[in-house]
Amino acid sequence: MRVSNLFGKTLKEIPAEADSISHQLLVRAGMIQQIAAGIYSYFPLGWLVLKKIEQIIREEMDTAGGQELMLPAIQPFELWEKSGRYPSFGKALFTTIDRKEHKLVFGPTHEEVITDVVRRHVQSYRDLPLLLYQIQDKFRDEPRPRGGLLRVREFIMKDLYSFHANAESLDKTYQKMIQAYKNVFARCGLPSVMVEADSGAIGGKESHEFMLIAETGEDEVIYCSTCDYAANVEKACIAKTKIEIKPQLPIEEISTPNIKTISDVAGFVSVSTSQTLKAVFYSADGELVFAVIRGDLNINEVKLKNLLKATELRLATETEVKAAGLVAGSASPVGLQGMKIVADNSITIGSNFVVGANKPDMHLKNVNYPRDFNVDIIADIATARPGDICTKCNGELLAQQGIEVGHIFKLGIFLSERLGASFLDQDGISRPIIMGCYGIGVGRLLAAAVEQNHDEKGIIWPLAIAPYQIYLCALNMDNPDVAEAAERLYHDLGNANLEVLFDDREESAGVKFNDADLVGIPLRLTISPRTLKNQSVEIKWRREKQSELLPLQQELTDKIKELVSKHRKG
RNA sequence: CGGGGUGUAGCGCAGUGGCUAGCGCGCAUGGUUUGGGACCAUGAGGUCGGUGGUUCAAAUCCACUCACCCCGACCA
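Definitions and cut-offs
Residues numbered from 1 in each chain as written. Chains lettered and ligands numbered in written order. Predicted model: local features only at pLDDT ≥ 70, side-chain atom pairs only at ≥ 80, totals over all residues. Heavy atoms only, no water. Near = heavy atom within 4 Å. Polar contact = N/O pair within 3.5 Å; in protein donor to acceptor, adjacent residues only side chain to side chain. Helix = DSSP H or I, 4+ residues; strand = E, 2+ residues; numbered from the N terminus. Nonpolar A, V, L, I, M, F, W, Y, C, P; charged D, E, K, R; others polar. Axes fitted to C-alpha atoms, helices over the stretch in contact; angles between N-to-C directions. Parallel < 35°, antiparallel > 145°, perpendicular 65-115°, else oblique. Contact = heavy atoms within 4.5 Å. Pairing = 2+ DSSP bridges. Left-handed = near helix turned anticlockwise from the far one by under 90°. Buried < 20%, exposed > 50% of the residue type's maximum accessible area, 1.4 Å probe, protein only. Arc of directions from axis to C-beta. Phe/Tyr/Trp six-rings, centres within 6.5 Å; stacked < 30°, edge-to-face > 60°.

**Q** How should I be thinking about the protein's contact with RNA strand B in this particular structure?
**A** Taken together, 49 residues surround RNA strand B, and among them Thr109, Arg151, Asp517, Ser528 and Glu538 come closest. The contact atoms of RNA strand B, taken as those within 4 Å of the protein, divide so that sugar and phosphate hold 48%. Lys12 has a polar side-chain atom sitting 3.2 Å from a phosphate oxygen of RNA strand B. Within the side chain of Glu17, a nitrogen or oxygen atom sits 2.5 Å from a sugar or linking oxygen of RNA strand B. Those elements giving two or more residues to the surface near RNA strand B turn out to be β1 (32-36), β8 (154-164), β21 (397-412), α13 (509-519), β29 (523-527) and α14 (529-533). Element by element, the count of residues in the surface near RNA strand B is highest for α13, at seven residues. Its residues assigned to classes, the surface near RNA strand B shows 17 nonpolar, 11 polar and 21 charged.

This is the structure:
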């Protein structure tokens, strides 16, 4: 492709709307353009990258036994009523009504449709297992799209759905997909980490996410400094520090004027925060819930939400708290009635706690569970933090920001049961099909690649997903010798099946070099009167500072081809 | 949905009631340049987000409204 013909212009200035690095660079490089909040067009350079990522994904899915198909973007709302997932998607589910007043959904994902497809075609265990995938546009009416391509409403996603006669078969495929995902990210040249994950609205039991580590990531990854444990903070478990259990002392009421926070209370009574209990109030689908946890820990709202099987969980408002007769800052599970109490299991690790007294400016000392209060549910609802202890090996946990680019789930049978997808087993008994699903956000992966690979000049594409492998930069195109040598090289490189973006514009060297750096093509070749004087071309990798001269001769294209393939392997 | 912000040329911005709405980038034409975003000259390009109001007079003041961005809520 010649730059003089390429659709899409580079920009010198940072677009006002773009905040994240990847958004700024992708717009400045002329790769994407926003048309509405969270809705983008892909221009040729951006689309080329996307197609390369898609191709790598396709090859890995095919290798893993997947078959690609295409599913409708618009789906009947009834499918979502049947699956029962309508409430958990809530307003993100984008619906419309056709001329016959029939309610339709723009697919936010395709489990419902694919299950319906499979339901009609699978009758026997002999038809299983089955791995079907699609790469296409989906739409979620996100409350707040942000960060350019990092969180959009219309997005391209690869989803593979697997169908099984038994759990072993699902396990086998799940492992295969883990390997396929690792291959995909490795082949893209993007280091990834796999972490244990919460399965969220999608449902299901076991679930893992694939993250690209980047400072700007929205997700927090907790990982162990010594073993291989890694989990999304939403899911991560910690070994709660043991505290010596002392003989239980009688409860004592103490005056604590104007003392509300845990650290103030602990300081006032001269105990560590781990000898206090913290109370937090939530509204779970409208019901007030009293959550209690040891004072040195924080509540993990995702764990709490899952535990309560709540669709909506938020902190209770001040008004709601007052109306329930609770005293913020001095609340206590002791003597509390008329509301659900959920406790973190840390309240059993410790003794003689300091808690609120349910009276203003008063606290209680020496409170012990279960001697002094009862709870409705006791479970792990604590948030992991860096510095906490790993449950697997007692190592120290650390945290990093990551961008979620893939998520895989063992769905089980809840969808196939609800949608009536069953098969006859060897004994002629009808059973629900066991399912798994495996997604990759293709556009987000592209953006995450930029977040991970850039410098102050622009993007630095990994070779495997770069829109072109080579940026051929001809300086002084009005010089016939330059023009001729550049045209010949462009032609030869093309014949050697190298992907070349040929900057044939009559622009100054600075403009061309800056554009080359901005667009981020891995290898730059420069031809100019200066290089021709030496019968050579200049060659420079985008990631490196140094350039070198290669002699302009017959073997040049072979030499470049070799460099490119060596770079790809290295 | 709550809080904050921004809408003026393709892009980035200036313009707080008064003449024909400006500047930079980009674009067009001509010329001089030519290894890290060159220079000179000339030129094209505007429903000032929209609607309604106040006024002799509105990009500018008021009301409503729409869009976009940021923080939070939310989020495979």
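Having seen the structure, we can now continue with the description.
**Q** Explain the packing of helix α1 (residues 21-28) against helix α11 (residues 442-452) to me, please; I cannot follow it from the model alone.
**A** For the pair α1 and α11, the least separation of the axes is 8 Å and the interaxial angle reads 100 degrees. Judged by the angle between their axes, α1 and α11 are roughly perpendicular. Residues Ile21, Ser22, Leu25 and Leu26 of α1 lie in contact with α11, whose contacting residues are Leu446, Ala447, Val450 and Glu451. Here the contact of α1 with α11 is built from residues that sort into six nonpolar, one polar and one charged.

**Q** Would you take a moment to explain the pairing of β1 for this structure?
**A** With four bridges connecting them, β1 and strand β2 (residues 39-42) associate as antiparallel partners. The residue bridging Gln34 from the neighbouring strand is Tyr40, located in β2. Joining the antiparallel neighbours β1 and β2 is a turn of two residues, in which Gly38 adopts a positive phi near 70 degrees.

**Q** For this particular structure, what's the right way to read the packing of helix α2 (residues 44-63) against helix α6 (residues 167-188)?
**A** Axis angle and axis distance: for two packed helices, these are the angle between their axes and the distance between the axes, and together they describe the pair. For the pair α2 and α6, interaxial distance at closest approach is 9 Å and the crossing angle is 150 degrees. Accordingly, the angle class assigned to the pair α2 and α6 is roughly antiparallel. When the axes of α2 and α6 are compared, the crossing they make is right-handed. Two secondary-structure elements touch here, α2 through Ile53, Ile56, Ile57, Glu59, Glu60 and Met61 and α6 through Met177, Ala180, Tyr181, Asn183, Val184, Arg187 and Cys188. Taken together, the residues of the contact of α2 with α6 sort by class into nine nonpolar, one polar and three charged.

**Q** Teacher, can you tell me more about unusual backbone geometry here?
**A** Leaving glycine out, the prevailing phi sign among residues is negative, and the prevailing peptide bond configuration is trans. The omega torsion across Leu128 and Pro129 is -5 degrees, close enough to zero to call that bond cis. Position of Pro129 relative to the elements: it lies in the loop between α5 (111-121) and β7 (130-139). In this structure, Asn258 is a non-glycine residue whose phi angle is positive, near 60 degrees. In this fold, Asn258 is placed in the loop between β13 (252-255) and α7 (262-269).

**Q** Can you walk me through helix α8 (residues 301-308) in this structure?
**A** The periodicity of an α-helix, 3.6 residues per turn, causes residues three or four places apart in sequence to face the same way. For α8, every residue scored as buried is listed here: Lys303, Leu304 and Leu308. Along the axis of α8, the buried residues cluster in a sector spanning 125 degrees; they form a single face. On its buried side, α8 packs onto β14 (277-284), β15 (287-294), β16 (313-315), β17 (340-344) and β20 (377-379). Taking the backbone nitrogen of Val302 as reference, a side-chain oxygen 2.9 Å away marks Asn300 as the first, capping residue of α8.

**Q** I tried to follow the sheet that holds strand β18 (residues 353-356) on my own but got confused; where do I start?
**A** Backbone hydrogen bonds hold the strands of a sheet together, and the pairing may be parallel or antiparallel. What the three strands build is an open sheet, ordered β13-β19-β18; its pairing is antiparallel. Each edge of the sheet is formed by a strand with only one pairing partner; in this case those strands are β13 and β18. Mean inter-strand twist for the sheet, computed between neighbouring axes without regard to direction, equals 30 degrees. Note that β13 and strand β19 (residues 362-367) share four bridges and pair antiparallel. Bridging from a neighbouring strand, Ile254 pairs with His363 of β19.

**Q** Looking at this structure, I do not really get the side chain of Ser351. What am I missing?
**A** When you line up the elements, Ser351 lands in the loop between β17 and β18. Separated by 3.0 Å, the side chain of Ser351 and the backbone nitrogen of Lys246 make a polar contact. Residues contacting Ser351, with those up to four places away along its chain left out, are Glu244, Ile245, Lys246, Gln275, Val367 and Asn368.

**Q** For this particular structure, what's the right way to read the packing of aromatic side chains?
**A** Remark: the centre distance and the inter-plane angle together describe each pair of aromatic rings, the angle taken between the planes. Counted by the stated rule, this structure contains 13 aromatic pairs. Judged by centre distance (6.1 Å) and plane angle (85 degrees), the ring pair of Tyr181 and Phe185 falls under edge-to-face. Residue Tyr181 and its partner Phe185 are located together in helix α6, separated by four residues, close to a single helical turn. Neither residue differs from the other here; Tyr181 and Phe185 are each classed as buried. With a centroid separation of 5.1 Å and 45 degrees between ring planes, the pair formed by Tyr181 and Phe210 is classed as tilted.

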